[in-house]
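This is what each chain is made of:
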Amino acid sequence: MDINSAASLQTVLKARVLVGFLGERAQFGWWPTAFYESSGRLFLKPIFSRTPQVAQYHGVVEAARRLHDEHLSVGTYHLFRLPEEIEQDLHMLVQTAGEEWSPAALYRDKQTALAMLTDMTGPAMKGGVGPVSIGNVRDIADHLTEIASVYCSAFSSNAQSFPYLVR
């Protein structure tokens, strides 16, 4: 599967938004942010009046990126740190997507989001605690079900897992 296809980018974005939402303090508390809560949006609206959903997305991505980077080796990639060209494509997708990519529109609550993440895993469940090797970053589109599976297992068992990719 080619990561440059629109469908692949949308799947990566969906996984990011799901895991980002579930990792926030009101859900599983992996990072201490509340960007996707209504109060987070109210906080961002005066500053980012035309693009609060983009600011929410980038706030969550940065919080998740920092946590993942603390637990993984330099030079590895993960759902929240991908090669620059993919990051730019995801940013453009978020900018043009608008409200339909917000967790409020997609999931509404923790249980619905967890069910959607479970739907992304497919039949195979891959788990682990801490860093979990997945494969090569150039094949990320082929590994999204494994990545979703690791996060799903971690959230379900109340443990932190960090699926990563190498170049």
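Structural data are supplied above this passage.
Residues numbered from 1 in each chain as written. Predicted model: local features only at pLDDT ≥ 70, side-chain atom pairs only at ≥ 80, totals over all residues. Heavy atoms only, no water.

Novice: Sorry, what's going on with the overall build of the protein here?
Specialist: Across its full length, the protein holds seven helices and three strands. Reading the protein from its N end, one meets helices and strands in the order α-α-α-β-α-α-α-β-α-β. Here the protein holds 167 residues, and the buried ones make up 50% of them. Counting only contacts in the protein whose residues sit at least 6 apart along the sequence, the fraction spanning at least 24 positions is 67%. (Helix = DSSP H or I, 4+ residues; strand = E, 2+ residues; numbered from the N terminus. Buried < 20%, exposed > 50% of the residue type's maximum accessible area, 1.4 Å probe, protein only. Contact = heavy atoms within 4.5 Å.)

Novice: Any chance you could explain the sheet that holds strand S3 (residues 161-166) here in plain terms?
Specialist: What holds strands together in a sheet is hydrogen bonding between their backbones, with the strands either parallel or antiparallel. Within the open sheet, the three strands sit side by side as S1-S3-S2. Their pairing is mixed. Lying at the two open borders of the sheet, with one neighbouring strand each, are strand S1 (77-78) and strand S2 (130-136). Set on the sheet, helix H7 (residues 140-157) makes contact with S2 and S3; between it and S3 the angle comes to about 165°. (Pairing = 2+ DSSP bridges. Axes fitted to C-alpha atoms, helices over the stretch in contact; angles between N-to-C directions.)

Novice: Looking at this structure, I do not really get the side chain of His 68. What am I missing?
Specialist: Within the fold, His 68 resides in helix H3 (residues 52-71). For His 68, a relative accessible area of 0% corresponds to the buried category. Beyond its immediate stretch of four places on either side in the chain, His 68 contacts Trp 31, His 78, Phe 80, Tyr 151 and Phe 162.

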